[in-house]
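Commentary on secondary and tertiary structure
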Amino acid sequence: MAEQVITATEDAFEEEEFSIASQWQLMWWRFRKHKPAIVSAIILGIFYLLFPLAEFLGTGDPAQISEPYHYLRPQVIRFFDDGSFSPHVNGLRPYRDPMTFQKKYELLPDEKIGVTFFAKGFEYNFLGFIKADRHLIGFTDPATLDSRPSIFLLGSDSVGRDSWSRLMLANRISLSIGLIGVAITLILGIMMGGISGYYGGWVDTIIQRIIEVKSAIPTLPLWMGLSAAVPQDWTVLQVYFGITVVLSIFGWTGMARTVRGKFLALREEDYVMAARLSGSGEGRIMFRHMLPGFYSHIIATISLSIPSMIIGETSLSFLGLGLRPPAVSYGIMLIQAQNPVTVALYPWLMFVALPVIIVILAFNFLGDGLRDAADPYGK
Amino acid sequence: MVEETKQDTIADDSGQQDTLLEVNNLRKFFPITKGFLKRVIGQVRAVDDVSFAIRQGETLGLVGESGCGKTTTARCIMRALDPSSGEILYRTEDGSLIDVSTIGPAPLRELRKDMQMIFQDPFTSLTPRMSLLDIVGEPLLVHGEKSSRVRSERVAELLRLVGLRPEYMRRFPHAFSGGERQRIGIARALALNPRLVVADEPVSALDVSVQAQVINLLSDLQEQLNLTYLFVAHDLSVVRHISDRVAVMYVGKMVELAETEELFSNPKHPYTSALLQSVPIPDPKNKKERFVLEGEVASPANPPEGCYFNPRCAHATDVCRTETPVFEEIEPKHWVACHRASELDLRGLTEAATPS
Amino acid sequence: MTTNVSPNLAADEVISVNGLKIHYPTDEGVVKAVDGVDFKLKPGETLGVVGESGCGKSTVGRAILNILDKPGKIEGGEIAWRLPDDRVIDITKLDANSRMMRSIRGAGIALVFQEPMTSFSPLHTVGNQVAEALRLHTDLSEQGIVDRSIELLQMVGIPNAEQRLKEYAFQLSGGLRQRAMIAMALSCEPRLLIADEPTTALDVTTQAQILDLLRELQQTNDMSVILITHNLGVIAEMADNVCVMYLGKAVESGPVDEIFANPQHPYTQGLLRSIPSIYTRNVERLPSIRGSIPHPFNRPSGCTFRPRCPNYMDGVCDQNTPVFQPLEGTSQMVSCFLHHKPEEQTAPPAEGVA
């Protein structure tokens with residue numbers, strides 16, 4: 001029995017590293033090679049990092065209505081003044097176009113409003129409980145805010161709210177809906193799919209029929225129906241969770257099917273039988289032997305289903321059936337862009353579509369990368 | 001009924017204390033269902049009235065072609081499948097008999113310590129996400145060994161036993177070749193010191209050069225640990241090498257059972273003889289005009305009347321087409337199920353007997 | 001495109017493979033699936049290509065038909081083949097989708113796979129698929145095609161041929177499927193049949209039937225056969241010549257009787273010894289080859305068999321790469337330093353001959 005080869009290899013260390021690599025390491029090694037997925041992961045990382053920093057990055061109170069400054073085009077911060085470093089924005093003078101009666105703004109090159117980093121601004125609660133009033137960028141003199149509520153980096157909407165600051169908040173709500181929705185999807189999907197696939201029999205039949213019936217109902221009308229049923233007097237938070245649940249009701253069936261299929265396939269694997277013959281209990285077989293076999297697939301499925309959640313929320317809110325003001329989400333911000341005339345006159349209102357596209361694409365690339373990496377044993 | 005006598009004789013033969021396992025009239029049928037309501041429209045008779053005994057310390061080879069029910073038989077003995085009928089008597093260390101086919105979950109769990117299985121495919125029988133320590137140590141853990149130090153010591157010992165380095169313990173199966181993985185599977189089977197090991201085609205997925213290593217390992221372990229093997233295989237030369245006695249199955253039925261030398265040199269069932277003649281011999285000097293068995297294996301869902309082998313049998317007579325032959329001991333220790341067993345002179349496999 | 005170099009093919013040879021190298025570039029590195037294989041085949045002869053998993057024997061078969069899986073690439077060597085008009089071409093130089101290659105594939109060289117289930121389309125009847133091959137490579141009329149299909153199925157011993165033509169592959173048993181596969185391969189009367197593990201998925205009694213059939217068909221059609229298998233019993237029974245491969249290289253070749261009676265390479269010796277005899281149980285322990293087949297990325301330097309070789313010579317086998325060359329006094333070729341000291345090794349022939 002001393003028949004073992006002693007393979008003397010130069011890269012013995014590397015071999016050892018591979019040999020003791022767990023599935024996560026193997027997956028990471030493969031994922032690393034998928035460049036678009038890595039870039040996407042970084043982009044998404046930045047987006048999710050914006051969560052706690054939303055107000056800090058905002059230049060003005062996102063809720064403040066400002067009659068003098070509505071439909072303002074995006075403003076530029078000038079960092080240099082006559083060759084010396086002195087960040088400022090120019091003052092504005094609103095006027096009506098005498099021909100079209102359209103509201104316009106004249107840039108006043110001589111009126112320079114000082115801008116500085118870590119400026120004092122509106123008060124907010126950092127992470128929900130720490131009182132703060134500092135912002136990444138703001139007016140040097142906080143008193144300026146009384147006459148001009150923000151720098152208006154991305155301009156303002158129909159009632160003069162600062163689009164940039166609102167976008168920061170929208171980002172938070174829309175992306176978190178994706179995460180929470182997927183979490184609910186995941187729990188429902190694994191539970192239903194697991195029961196269905198592992199136990200089989202009539203339980204399986206019933207769950208499968210439910211999924212089939214659900215799949216036969218067109219998505220959008222059902223979404224609309226369910227969201228319409230969200231009571232008008234709910235608070236913003238309640239509506240938020242209500243909509244999340246409505247969105248998840250659709251996600252879980254796909255997940256349940258994936259999980260069920262995997263369980264059905266793995267149930268027949270030799271190693272599952274080996275575990276059973278060793279005397280392992282059902283729970284151990286499910287959680288130690290079978291589930292780890294497709295964790296990675298679940299992760300890939302999740303990353304591919306988050307975008308549909310985000311799109312779902314955006315569509316519902318856009319149609320006025322999702323979140324309602326004063327909540328801010330991508331969809332709510334886009335409501336203003338519903339009217340083609342508005343878009344033609346004030347194209348910057350469409351800017352919100354850009355982060356939506358970026359996030360969705362990034363999630364898709366990330367999902368692709370994860371899926372490819374998910375099967376470290378496949379070729 | 002014929003079964004009565006059969007049961008008696010087997011009991012006589014193995015009435016000695018050294019019988020470890022006795023299978024009596026084992027049947028396993030799988031229902032064929034159809035349609036939405038899963039109506040049962042027929043039965044696949046995967047194992048159809050099989051009886052044999054395994055003695056303490058021996059290797060019983062179980063051979064047959066795919067679909068003959070040999071793997072199903074092995075799985076019924078392991079209770080990986082529940083038999084449709086029949087009994088599987090196992091003699092525990094203290095001498096008492098238990099019927100494996102009917103015991104409940106708790107005693108079955110205890111029994112798992114005594115009976116273990118080695119699988120055919122080393123690539124699917126090891127959980128890919130678990131390290132060797134977890135795989136080989138699992139039987140210990142689930143049977144109450146909570147101390148991880150004790151477990152890892154035992155795993156190291158087991159790995160050494162099967163010819164792997166204990167340092168490999170932290171590795172995952174993907175780092176090993178087929179032969180090495182099969183050794184890991186053997187180590188897992190031995191973790192609880194079993195008395196009976198059911199090996200289901202343990203070398204047929206391995207390369208020739210590695211196959212010999214694993215066969216040797218199995219022989220060595222048998223000697224060291226006083227193991228009893230039920231060795232399921234389709235490769236007759238491997239079976240010949242490793243088995244003390246050989247049982248041949250055809251379409252769910254056992255057709256012949258005898259000591260290895262006897263079965264290979266003096267087969268009594270036409271199917272056994274045909275099987276032996278069909279094996280290609282790795283010796284070009286032996287290129288012979290050999291006997292080729294015509295026809296196809298009968299379907300276990302729809303077996304022919306009488307002897308299941310009769311449509312392919314060159315010696316079939318009318319009685320073979322109508323009556324099921326009895327599995328009986330026609331010579332001491334030589335069992336066969338053939339109406340014409342005593343009158344036929346069939347070709348076996350001895351070097352001298354093969355024409356040049 | 002045809003080549004202007006004249007490939008190496010003697011008048012009495014059907015095909016000649018010289019120094020064939022096939023590499024698979026992957027993310028992790030280059031897998032040298034085939035790394036130097038030479039053999040020749042005469043009309044009506046059977047060449048057995050034998051080796052264990054990963055030795056590249058199937059890749060050789062696929063290379064001859066120019067149907068390598070991606071990203072496989074022929075890196076060197078030549079496959080000389082004679083066209084019906086007596087021109088000799090090098091198959092490695094042909095484009096995989098060229099007209100000439102396609103005509104060679106159907107009518108010149110045919111392939112039988114290991115798993116007949118996956119080689120048949122589940123969507124078409126067996127008859128359709130046999131007819132398809134005939135339609136592509138012959139100019140028979142529709143009725144002629146049907147008649148010929150029936151004739152072919154009868155030739156390979158399928159009962160109720162007419163009925164079977166209308167069935168789908170999954171309705172046939174493994175043995176019948178393999179017969180149908182052979183019928184399809186023979187439909188255009190190839191001069192060379194490549195049988196890649198034709199019986200591995202079959203039971204031993206069915207295997208005997210199929211081997212019998214192959215032998216019979218070979219005699220009646222005067223076809224050459226390349227039989228790729230890991231089963232030495234099948235080789236002994238079927239082959240006239242044997243080529244033993246290990247890790248992509250031919251290590252030994254020669255007439256089957258000589259190879260089995262007098263193997264020269266330690267690998268061949270080990271392989272033959274490690275099979276238990278079906279006649280007697282004369283040994284307690286089987287002689288085995290130690291160790292296992294190395295991972296494709298981890299091939300040993302020098303002779304690739306050296307870590308497992310009982311005759312390993314330190315300083316020789318690890319420093320030099322053995323060359324596959326004829327062994328004096330025999331008809332065998334072998335690549336081993338036991339027979340040819342490093343200084344006696346001839347220059348690699350692959351590049352020289354083209």
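Points about the overall build of chain B
From N to C terminus, chain B includes 11 helices and 12 strands. Rg of the C-alpha trace for chain B: 21 Å, near the compact-globule value of 21 Å for 356 residues, within the 12% margin. Considering only contacts within chain B whose residues lie at least 6 apart along the sequence, 64% involve residues at least 24 apart.

Overview of the overall build of chain A
The secondary structure content of chain A amounts to 14 helices and four strands. Relative to a compact globule of 379 residues, whose C-alpha radius of gyration would be 21 Å, chain A shows 27 Å and is clearly more extended. A principal-axis box enclosing the C-alpha atoms of chain A has dimensions of 90 × 60 × 40 Å. Going through the 379 residues of chain A one by one, you find that 35% of them count as buried.

Section: the sheet that holds strand E6 (residues 115-118) of chain B
All names here are of chain B. Pairing in this open sheet of eight strands is mixed, and the strands run E6-E7-E8-E3-E9-E10-E12-E11 from one edge to the other. Pairing within the sheet leaves two strands with one partner each, and these edge strands are E6 and strand E11 (328-331). Looking at each pair of strands side by side, their axes are set apart by 20° on average, direction ignored. Strand direction decides the pairing type here: strand E9 (residues 245-250) and strand E10 (residues 253-259), joined by six bridges, are antiparallel. Of the residues in E10, the one forming a bridge with Val 246 is Ala 258. Lying over the sheet, helix H2 (residues 70-77) contacts strand E3 (59-63), strand E7 (196-200), strand E8 (228-233) and E9, oriented at roughly 150° with respect to E8. Against the sheet, helix H6 (residues 178-190) makes contact with E6 and E7, and its axis sits at roughly 175° relative to E6, the strand it touches most.

Concerning the pairing of E11 of chain B
Residues and elements named next belong to chain B. Both E11 and strand E12 (residues 334-336) contribute to a ladder of three bridges, which runs antiparallel. By the bridge assignment, Glu 329 is partnered in E12 with Trp 335. In sequence, E11 turns back onto E12 through a hairpin of two residues, with Lys 333 there showing a positive phi of about 65°.

A short note on the pairing of E8 of chain B
On a regular strand, one side chain projects to one face of the sheet and the next to the other, so that they alternate. Residue and element names in this part refer to chain B. In terms of residue burial, E8 counts as a mostly covered element, since six of its six residues are buried. Of the two faces of E8, the one carrying Thr 228, Leu 230 and Val 232 and the one carrying Tyr 229, Phe 231 and Ala 233 are both buried. Here E3 runs beside E8; their pairing, made up of five bridges, is parallel. Residue pairing across strands places Gly 61 opposite Phe 231, the latter belonging to E8. By the bridge criterion, five bridges tie E7 to E8 in an arrangement that is parallel. Note that in E8 the partner of Val 198 across the bridge is Leu 230.

Comments concerning helix H8 (residues 236-267) of chain A
Here H8 of chain A spans 45 Å end to end across 32 residues, near enough to the 46 Å set by a 1.5 Å rise per residue. The largest bend along H8 of chain A reaches roughly 30° and is located at Ile 249 of chain A.

A few points about the sheet that holds strand E9 (residues 224-229) of chain C
Residues and elements named next belong to chain C. Reading across from one edge, E7-E8-E9-E4-E10-E11-E13-E12 is the order of the eight strands in this open sheet, with mixed pairing throughout. In this open sheet, the two strands that pair with only one neighbour each are strand E7 (109-112) and strand E12 (325-326). Bridge count between E12 and strand E13 (residues 333-334): two bridges; the pairing is antiparallel. Directly across from Gln 325, in E13, lies its bridge partner Val 334.

Some words on unusual backbone geometry
Here the bond from Lys 70 of chain C into Pro 71 of chain C is cis, since omega is -5°, no more than 30 degrees from zero. With respect to the element layout, Pro 71 of chain C can be found in the loop between helix H1 (57-64) and strand E5 (73-82). One non-glycine residue, Asn 226 of chain B, lies in positive phi territory at about 55°. Even without a glycine there, the phi angle at Glu 197 of chain C is positive, about 45°. When the 20 C-beta atoms within 10 Å are taken as the criterion, Glu 197 of chain C is described as buried.

Some remarks on helix H3 (residues 35-57) of chain A
Where H3 of chain A bends most, the angle comes to about 65°, and this point is Phe 51 of chain A, followed within four residues by the proline Pro 52 of chain A. Turning to H3 of chain A, its buried residues are Ala 37, Ser 40, Ala 54 and Glu 55 of chain A.

Observations regarding the interface of chain C and chain B
Counting from both sides, the interface comprises 39 residues of chain C and, opposite them, 38 residues of chain B. Looking at the side of chain C that touches chain B, the elements that each hand over two or more residues are helix H8 (204-221), helix H9 (232-238), helix H10 (256-261) and helix H11 (266-273) of chain C. The dominant element in the side of chain C that touches chain B, judged by the number of residues it contributes, is H8 of chain C, at six residues. For the side of chain C that touches chain B, the class distribution of residues is 17 nonpolar, 15 polar and seven charged.

A word on the domain arrangement of chain A
By the assigned domains, chain A splits into domain 1 (43-48 + 166-374) and domain 2 (75-151). Each of domain 1 of chain A and domain 2 of chain A has a C-alpha centre, and these two points are 39 Å apart.

Some remarks on the packing of H3 of chain A against helix H5 (residues 163-199) of chain A
All names here are of chain A. Closest axis-to-axis distance for the H3/H5 pair is 8 Å, and the angle between their directions is 145°. The handedness of the crossing between H3 and H5 is left-handed. Each of Phe 47, Tyr 48, Leu 50, Phe 51, Ala 54 and Leu 57 in H3 lies in contact with H5, whose residues at this interface are Met 168, Leu 169, Asn 171, Arg 172 and Leu 175. Of the residues contributing to the contact of H3 with H5, the split by class is nine nonpolar, one polar and one charged.

Cut-offs applied
- Residues numbered from 1 in each chain as written.
- Chains lettered and ligands numbered in written order.
- Predicted model: local features only at pLDDT ≥ 70, side-chain atom pairs only at ≥ 80, totals over all residues.
- Helix = DSSP H or I, 4+ residues; strand = E, 2+ residues; numbered from the N terminus.
- Rg over C-alpha atoms; globule rule 2.2 N^0.38 Å.
- Contact = placed C-beta atoms within 7 Å.
- Buried ≥ 20, exposed ≤ 12 C-beta atoms within 10 Å, placed from the backbone.
- Pairing = 2+ DSSP bridges.
- Axes fitted to C-alpha atoms, helices over the stretch in contact; angles between N-to-C directions.
- Expected span 1.5 Å × (residues − 1).
- Bend = angle between axes of the 7 residues up to and from the residue.
- Nonpolar A, V, L, I, M, F, W, Y, C, P; charged D, E, K, R; others polar.
- Domains from an automatic or database assignment.
- Left-handed = near helix turned anticlockwise from the far one by under 90°.

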